[in-house]
Amino acid sequence: MSSRALPYLLLGPALLFELLVHVIPMLTGVGISFLKLNQFFLRRWLQAPFAGLDNYRLAVDFSSEIGLSLLRSLAVTLAFSAVVVSCCWLLGILGATLLQRNVRGRGPLRTLFLIPYALPVFTSAIIWKFMLSRDAGVVNHSLRELHLGSGETYWLLGDNAFISIVLVQVWRLWPFALLTLMAGMQSIPTDLYEAAEVDGANRWQQFRKLTLPMLAPVNQVLVLVLFLWTFNDFNVPYALFASSPPASADLVSIHVYQNSFITWNFGLGSAMSVLLLLFLLVVTVGYLAVTSRRRHDA
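This text gives an overview of the structure that appears in the document. (Residues numbered from 1 in each chain as written. Predicted model: local features only at pLDDT ≥ 70, side-chain atom pairs only at ≥ 80, totals over all residues. Heavy atoms only, no water.)

### Quick notes on the overall build of the protein
Helix and strand counts for the protein come out as 13 helices and 0 strands. Along the chain direction, N to C, the helices and strands of the protein fall in the order α-α-α-α-α-α-α-α-α-α-α-α-α. For the protein, the C-alpha atoms occupy an extent of roughly 75 × 70 × 40 Å along the three principal directions. For the protein, buried positions account for 35% of its 298 residues. Residue pairs at least 24 apart in sequence account for 65% of intrachain contacts in the protein once pairs closer than 6 positions are excluded. (Helix = DSSP H or I, 4+ residues; strand = E, 2+ residues; numbered from the N terminus. Buried < 20%, exposed > 50% of the residue type's maximum accessible area, 1.4 Å probe, protein only. Contact = heavy atoms within 4.5 Å.)

In structure tokens form, the structure reads like this:
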């Protein structure tokens, strides 16, 4: 076998699985978005009537309830993603800064902090659902014992549902931020800190003038990955609320699921998915362009 053909042969299985798992389903979804595919054409979906751009017009018609509900869901998802990404980054940078020092028990603490990220998603979400239960949940019981409230709060209903889903998502994802930022900090040469200390810079000045600029490439990728994971997450909201979340926790992923598998309007659900894919592509390209320009200007 020639050395030129070997790399392509080794990449072949990965490309095949990528084609079967991602590319073909994505192209199928784009095709379905142009069809009037509902429960009457499930067995013969290729014979579903052609809808053209009707599904897209319906999804972005903000004068109708369908368009307004999608817009509200998008606003909730953006707020949810912003809060989760901010909290994960803050907890991650705080933990990474503390664990970079030679403190006693640093190894066990690192292992303990990474447990939420290592647990299966549905397992951790279901455990949190029991913990947030009104009558038998450990959250209400702890608040009652600490005299911090009545201990009868409905954490999975009303506006509290937004707080609950943010709490669960931050608990799950902040160890990833911790791990990424710790790896980034370890790549910073210690000579730079020693020189800064000789020049009279205190810890805060070292962190602001040295650590943060050196972590800029890591932060660029980390924030983008956290945003995409949070924005597209389906497992956590579905495990907490099933297919009927409160309005404050009506994320886009659940909203598209409702339009596809609850109302059986797969054409409209696929159109919403394609629109959200385009939205995320625009956000990603814009974010990378802005952050890259700032790094070059700096």
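The structure having been displayed, the exposition proceeds.
### Considering unusual backbone geometry
Here His 147, not a glycine, exhibits a phi torsion of approximately 60°, which is positive. The topology assignment puts His 147 in the loop between helix H6 (138-145) and helix H7 (160-186). The class for His 147 is exposed, based on a relative accessible area of 71%. In this structure, Ala 242 is a non-glycine residue whose phi angle is positive, near 60°. In this fold, Ala 242 is placed in the loop between helix H11 (235-241) and helix H12 (252-262). Overall, Ala 242 belongs to the partly exposed group, its relative accessible area being 35%.

### Concerning the pattern of salt bridges
Counted by the stated rule, this structure contains 4 salt bridges. Here Asp 54 ties to Arg 57 by a salt bridge, and the two come within 2.8 Å at their closest N and O atoms. Within this pair, Asp 54 and its partner Arg 57 are both found in helix H2 (residues 54-59), separated by 3 residues, close to a single helical turn. In this structure Asp 54 comes out as partly exposed when scored by relative accessible area, which is 38%. The salt bridge partner of Arg 72 is Glu 65, with a shortest N-O separation of 2.7 Å. Classification of Glu 65 by relative accessible area gives exposed; the value is 52%. By sharing partners, the salt bridges in this structure join Arg 134, Asp 135 and Glu 152 into a single network. (Salt bridge = Lys/Arg side-chain N within 4 Å of Asp/Glu carboxyl O.)

### Section: a nonpolar patch on the surface
On the surface, Leu 16, Phe 17, Leu 19, Leu 20, Val 21 and Ile 24 cluster together to form a nonpolar patch covering roughly 560 Å² of accessible area. Counting through the fold element by element, Leu 16 comes out in helix H1 (residues 6-32). (Patch = residues over 30% accessible without salt bridge, like charges linked within 9 Å, V, L, I, M, F, W, Y side chains within 5 Å. Areas by Shrake-Rupley, 256 points an atom, 1.4 Å probe, with all protein chains shown as cover.)

### Concerning the layout of surface pockets
Considering only enclosed or pocket space, the largest pocket measures out at about 830 Å³ in volume. What lines the largest pocket is a set of 26 residues, among which Pro 25, Met 26, Gly 29, Val 256 and Ser 273 lie closest to the centre. When residues of the lining of the largest pocket are traced back to their parent elements, those giving at least two are H1, helix H10 (216-232), H12 and helix H13 (266-297). The residue inventory of the lining of the largest pocket, partitioned by class, reads 19 nonpolar, 7 polar and no charged. What lines the second largest pocket is a set of 14 residues, among which Gln 100, Arg 101, Tyr 193, Arg 203 and Gln 206 lie closest to the centre. Going through the elements one at a time, H7, helix H8 (190-198) and helix H9 (203-214) are the ones with two or more residues in the lining of the second largest pocket. (1 Å grid on protein atoms, 1.4 Å probe; cavity = no way out; pocket = protein on both sides within 12 Å on 5 of 7 lines; lining within 4 Å. Points joined across faces, edges and corners; volume = space filled by probe spheres on them. Nonpolar A, V, L, I, M, F, W, Y, C, P; charged D, E, K, R; others polar.)

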